[in-house]
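# Structural overview for review
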Amino acid sequence: MRTLDEIDTVGVVGAGNMGGGIAQVSATNGYDVILRDIETEYVEAGLDTIDSSLDQLVSSNHLSEDEADNARDRITGTTAMDDLADADIVVEAVVENMDVKTEVFESLDEVTDNEIVLATNTSTLSITSIASATERPEQVVGIHFMNPVPIMEGVEIVDGERTAEQTIEFAHGFSEALGKTTWESDDKPGFVVNRVLMPWINEGIRAYDEGVGEKADIDQGLKLGTNVPMGPLELADHIGLDICLDASETLHEELGDRYKPAYLLKRKVEAGELGKKTGKGFYEYD
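Every value quoted in this text rests on a predicted model; they were computed, and no experiment measured them.

### A closer look at the side chain of Thr182
Within the fold, Thr182 resides in strand 8 (residues 181-186). Of note is the side chain of Thr182, whose polar atom sits 2.7 Å from the side chain of His172. Those residues in contact with Thr182 that lie beyond four places of it in its chain are Val155, Ile157, His172, Ser175 and Glu176.

### A closer look at the pairing of strand 2 (residues 32-36)
The side chains of a regular strand alternate, first on one face of the sheet and then on the other. Among the five residues in strand 2, four count as buried, and that is most of the element. One ladder, built from five bridges, connects strand 1 (residues 9-13) with strand 2; its direction is parallel. Along strand 2, the bridge assignment pairs Gly11 with Ile34. Handedness of the crossover is the feature at issue here: the chain leaves strand 1, passes through helix 1 (residues 17-28), returns alongside strand 2, and the resulting connection is right-handed. In this sheet, strand 3 (residues 75-78) lies alongside strand 2 in parallel orientation, the contact comprising four bridges. Paired with Leu35 across the bridge in strand 3 is Gly77.

### Here's the deal with the pattern of salt bridges
Scanning all chains against the criterion turns up 14 salt bridges. The salt bridge involving Glu92 is made with Lys101; its shortest N-O contact spans 2.4 Å. For the pair Glu92 and Lys101, one class covers both residues: buried. Its salt-bridge partner being Arg206, residue Glu203 comes within 3.3 Å of it at the nearest N-O pair. Placement of both Glu203 and Arg206 in helix 7 (residues 193-209) is noted, with a separation of three residues, approximately one turn of the helix. The network of salt bridges with shared partners includes Asp51, Asp55, Asp69 and Arg72.

### Observations concerning the UniProt feature "binding site: NAD(+)" (unreviewed entry) in the protein
Per the UniProt record, the feature "binding site: NAD(+)" (unreviewed entry) sits at Gly14, Ala15, Gly16, Asn17, Met18, Gly19, Asp37, Glu96, Lys101, Ser123, Asn147 and Lys277. A stretch of 264 residues holds the annotated residues, and the largest C-alpha distance among them is 22.7 Å, long enough that they do not meet in one place. In this fold, Ala15 is placed in the loop between strand 1 and helix 1. Ala15 has contacts with Gly20, Leu35, Arg36, Asp37, Tyr42, Val43 and Gly46, leaving out every residue within four places of it along the chain. The residue Gly16 is located in the loop between strand 1 and helix 1 in this model. Gly16 has contacts with Gly21 and Asp37, leaving out every residue within four places of it along the chain.

### Considerations on the packing of helix 7 against helix 9 (residues 232-239)
Helix 9 packs onto helix 7 with a crossing angle of 120° between their chain directions and a minimal axis gap of 8 Å. Our pair here, helix 7 against helix 9, has a crossing hand that is left-handed. Two secondary-structure elements touch here, helix 7 through Leu197, Trp200, Ile201, Gly204, Ile205 and Tyr208 and helix 9 through Pro232, Leu233, Leu235, Ala236 and Ile239. Grouping the constituent residues of the contact of helix 7 with helix 9 by class yields 10 nonpolar, one polar and no charged.

Rules and cut-offs
Residues numbered from 1 in each chain as written. Predicted model: local features only at pLDDT ≥ 70, side-chain atom pairs only at ≥ 80, totals over all residues. Heavy atoms only, no water. Helix = DSSP H or I, 4+ residues; strand = E, 2+ residues; numbered from the N terminus. Polar contact = N/O pair within 3.5 Å; in protein donor to acceptor, adjacent residues only side chain to side chain. Contact = heavy atoms within 4.5 Å. Buried < 20%, exposed > 50% of the residue type's maximum accessible area, 1.4 Å probe, protein only. Pairing = 2+ DSSP bridges. Right-handed = clockwise from strand over helix to strand, strands pointing away. Salt bridge = Lys/Arg side-chain N within 4 Å of Asp/Glu carboxyl O. UniProt positions renumbered as here; feature names shortened; annotations may be inferred. Axes fitted to C-alpha atoms, helices over the stretch in contact; angles between N-to-C directions. Left-handed = near helix turned anticlockwise from the far one by under 90°. Nonpolar A, V, L, I, M, F, W, Y, C, P; charged D, E, K, R; others polar.

Structure (structure tokens):
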């Protein structure tokens, strides 16, 4: 298996919010990046989002113009899976669907060097099941970034049943090289973060739906009462209500009724009100 010193190029599969964020922090920390998605329009949208994010970091004096331009120059977009053959590590960040993820990992196993680590950014799905789609399960690991990736400091490292200790150590080191702070979770449904976070979000939604308080009061109460930067409804909008629903449904299936998604969460998703990314969720956005 390759060492951290041998990592020059990071492959990222999926150019959405998470994949684009992973590509951005990799590029700003000096790595070349190959960003792959299934359609050119998705790749271009991901690159546009990265451009906007870098511009914001320049405006807030977190990056210089030269640093932002250098990061842009390090990222190459593609729709060809074969282009990831040059990557020294690949991080998958596609939709939270086991069939889609295993198909991606089957392809990655074929096109990439068998010495590299394949990581998944899944927030709830089994690392062991994803790794079983490859001939190198000992080199498959969960590297679960928090959203938004360029801002959030934490990364959750998840080891599957057959993940090698060397791979776990590599995942911690790679994440730290991106300026992140890590913690570790066993391969149990929801891992550490979403196992605790999703019931919190769903209960906040239920409290609003049942008239316990107005949405702004619920969010304000949780922020001031527990010293967190966002309340449950605000955070759900930020994550994406569809993503919250997918995670909650996975946990409900695996762990029972204590993880049952709130009815209002389902209704919002059915209405296409997914939060900040669609301009409306529990709140409205420009």
